[in-house]
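Listed below, chain by chain, are the residues.
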Amino acid sequence: MENKNRGFQTSCIHSGEEWNKSGHLSPPICQSTAFEFPNTEEGARRAADIHADEFYGRWGSRNEREFEAIIAALEGAEDAVSTSSGLAAISMVFHALLQPGDHCVAVHNCYSESKILIEELCKQHSVELTMISSEDIENYRNAINPNTKLVYAETPANPTITLVDIQEVSRITKEQSDAIFVVDSTFATPYNQQPLKLGADIVLHSATKYIGGHSDVVAGVCAGNKDLMSKVRKAFSFHGPKLDPFAAWLLCRGVRTLGLRVQKHNENALKIATFLENHPMVNKVYYPFLKSHKQHDIAARQMTGGGGMVCFEVKAG
Ligand SMILES: *Cc1c(COP(=O)(O)O)cnc(C)c1O
């Protein structure tokens, strides 16, 4: 849970401590998949509590709960659900929120496997899908209708660094439907952008990237209010794309330095982008914090740094 008095770095370091009941500064890894209950009442209580960390392994261990609590704090969310990959997080959100006959609006200029997954999920579950380009906000306005149940955006987009104005799409979504607005914020990280504070309903990440930060764990996470996360957690508990407790432990360790790492990514990437922009062999550079980026105004409004990804075109192919 978010503590308003904490700065970002302090939240990285001290969130989730309530799940480490051991007194060990580095939390023990809980490999147990089954648990002893002191009495039947307590067993029944845990069985009814989808958050229980000591009921059954597929529901997740306290290592996962600790990681989820850190992400919830960093995103300003009530709750978070961790998954075994970024794509699994997308999949669980779609399973939790969409029924046959619903309409979904998503973007084709996003991480290519997210696009394939979304197309497959909608096809298999008879969800009507409108794929748009996120480059023009009017596309959202034209695509969202009263039957739309989920609106999807990725900002900055992988790999083109196209941005989506989160506040504006949230406003259009709420004006034209009851849909849940979902933002993949992987490239930004919670350090540079907090979509829930800009009107998104669910933020999700491939934690494989910056959140893990050490190229040694594949993971995903999504965050939002209690009600939405309970729906996602329910889908998750049946489908079972859970993190391994050691993977969760690695994520907790990785995320402790997220603020410091992303600060440095922001600095270095802006230097490289500026260098490339002035290079005679380079045609065009895409980086949200370059003044020449056509969406620089959106970046300045909703992000505190441009992140570590730079995209550029060389002259003569
Ligand atoms: C990598 C990535 C994903 C997929 O995450 P995995 O952890 O590889 O499943 C989704 N969205 C974005 C923006 C990504 O960069």
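Residues numbered from 1 in each chain as written. Predicted model: local features only at pLDDT ≥ 70, side-chain atom pairs only at ≥ 80, totals over all residues. Heavy atoms only, no water.

If you look the chain up in an unreviewed UniProt entry, it shows as homocysteine desulfhydrase from Bacillus subtilis. Regarding the chain, the relevant UniProt record gives this comment under Sequence similarities (unreviewed entry): "Belongs to the trans-sulfuration enzymes family." (UniProt positions renumbered as here; feature names shortened; annotations may be inferred.)

Bringing the site of the ligand into the picture now. Residues in contact with the ligand amount to 14 residues; listed here are only the nearest, Gly86, Asp184, Ser206, Thr208 and Lys209. A distance of 2.9 Å is found between an oxygen atom of the ligand and a backbone nitrogen or oxygen belonging to Leu87. In this structure, an oxygen atom belonging to the ligand sits 2.7 Å away from a side-chain N or O atom of Lys209. Relative to its unbound accessible surface of 380 Å², the ligand loses 93% to contact with the protein. Residues belonging to the shell around the ligand are distributed by class as follows: 4 nonpolar, 7 polar and 3 charged. (Near = heavy atom within 4 Å. Polar contact = N/O pair within 3.5 Å; in protein donor to acceptor, adjacent residues only side chain to side chain. Areas by Shrake-Rupley, 256 points an atom, 1.4 Å probe, with all protein chains shown as cover. Nonpolar A, V, L, I, M, F, W, Y, C, P; charged D, E, K, R; others polar.)

When cut into domains, the chain gives domain 1 (3-30 + 61-255) and domain 2 (258-314). The straight-line distance from the C-alpha centre of domain 1 to that of domain 2 is 24 Å. Between domain 1 and domain 2, the contact holds 31 residues from the first and 25 residues from the second. Both sides together, the interface formed by domain 1 and domain 2 hides about 2100 Å², and carbon and sulfur atoms give 53% of it. Together, Leu163, Asn192 and Tyr210 form the three largest contributors to the area buried by domain 1 at its contact with domain 2, with a combined 32%. The partner of Asp165 in a salt bridge is Arg301, with the nearest N and O atoms 2.6 Å apart. In this assembly, domain 1 and domain 2 are joined by 17 residue pairs in polar contact (both at pLDDT 80 or more). No other element matches helix α8 (residues 189-192), which puts 4 residues into the side of domain 1 that touches domain 2. Across the side of domain 1 that touches domain 2, the residue classes break down as 17 nonpolar, 12 polar and 2 charged. (Domains from an automatic or database assignment. Contact = heavy atoms within 4.5 Å. Buried area = accessible area lost by both parts, 1.4 Å probe. Salt bridge = Lys/Arg side-chain N within 4 Å of Asp/Glu carboxyl O. Helix = DSSP H or I, 4+ residues; strand = E, 2+ residues; numbered from the N terminus.)

What follows concerns helix α11 (residues 258-277). Between its first and last C-alpha atoms α11 spans 28 Å; for 20 residues at 1.5 Å apiece the expected length is 28 Å, and the two agree. Next to the buried residues of α11 lie α1 (8-14), α3 (62-75), α8, α10 (245-255), β8 (282-286) and β9 (311-314). (Expected span 1.5 Å × (residues − 1).)

Here we take up the side chain of Gln295. Here Gln295 shows up in the loop between β8 and α12 (296-302). If we skip the residues at most four places from it in the chain, Gln295 touches Glu135, Ile161, Thr162 and Leu163.

Inspection of the entire model under this criterion finds 5 aromatic pairs. Residues Phe37 and Phe55 carry aromatic rings whose centres are separated by 5.9 Å and whose planes lie at 10° to one another, so their mutual orientation is stacked. With Phe37 in the loop between α1 and α2 (40-48) and Phe55 in the loop between α2 and α3, the pair connects residues that are 18 residues apart, well separated along the chain. Classification of Phe55 by relative accessible area gives partly exposed; the value is 22%. When the ring of Phe55 is compared with that of Trp59, the centres are 4.9 Å apart and the planes differ by 50°; the resulting orientation is tilted. Note on Trp59: relative accessible area 16%, which makes it buried. Taken together, the ring pairs connect Phe37, Phe55 and Trp59 into an aromatic cluster. When the ring centre of Tyr111 is taken as reference, the NZ or CZ atom of Lys209 above it lies at 4.9 Å. Between Lys284 and the ring centre of Tyr286, over which it is positioned, the NZ or CZ distance is 5.4 Å. (Phe/Tyr/Trp six-rings, centres within 6.5 Å; stacked < 30°, edge-to-face > 60°. Buried < 20%, exposed > 50% of the residue type's maximum accessible area, 1.4 Å probe, protein only. Lys NZ or Arg CZ within 6 Å of the ring centre and 35° of its normal.)

A full pass over the atoms with the stated rule returns 22 salt bridges. Across the salt bridge formed by Arg171 and Glu175, the nearest N and O atoms sit 2.5 Å from each other. Separated by 4 residues within a single helix, Arg171 and Glu175 lie in helix α7 (residues 166-176), roughly one turn from each other. Using a relative accessible area of 39% as the deciding quantity, one classes Arg171 as partly exposed. A relative accessible area of 51% places Glu175 in the exposed class. Across the salt bridge formed by Asp297 and Arg301, the nearest N and O atoms sit 3.9 Å from each other. Remark: Arg301 and Asp297 occur in helix α12; sequence separation between them is 4 residues, near one turn of the helix. Residue class for Asp297 comes out partly exposed when judged on its relative accessible area of 44%. A relative accessible area of 48% places Arg301 in the partly exposed class. Bridged by salt links that share partners, the residues Glu138, Arg141, Glu168, Arg171 and Glu175 form one connected network.

Bringing helix α9 (residues 226-239) into the picture now. Taking 1.5 Å per residue as the helical rise, α9 with its 14 residues ought to reach 20 Å, and the 20 Å between its terminal C-alpha atoms agrees with that figure. Those residues of α9 that sit buried are Leu228, Met229, Val232, Arg233, Ala235, Phe236 and Ser237. The elements touched by buried residues of α9 are α3, β1 (79-83), α4 (86-97), β5 (180-184), β6 (202-206) and β7 (220-224). Two or three places before Asp227, at the start of α9, stands the capping residue Asn225, its side-chain oxygen 3.2 Å from that residue's backbone nitrogen.

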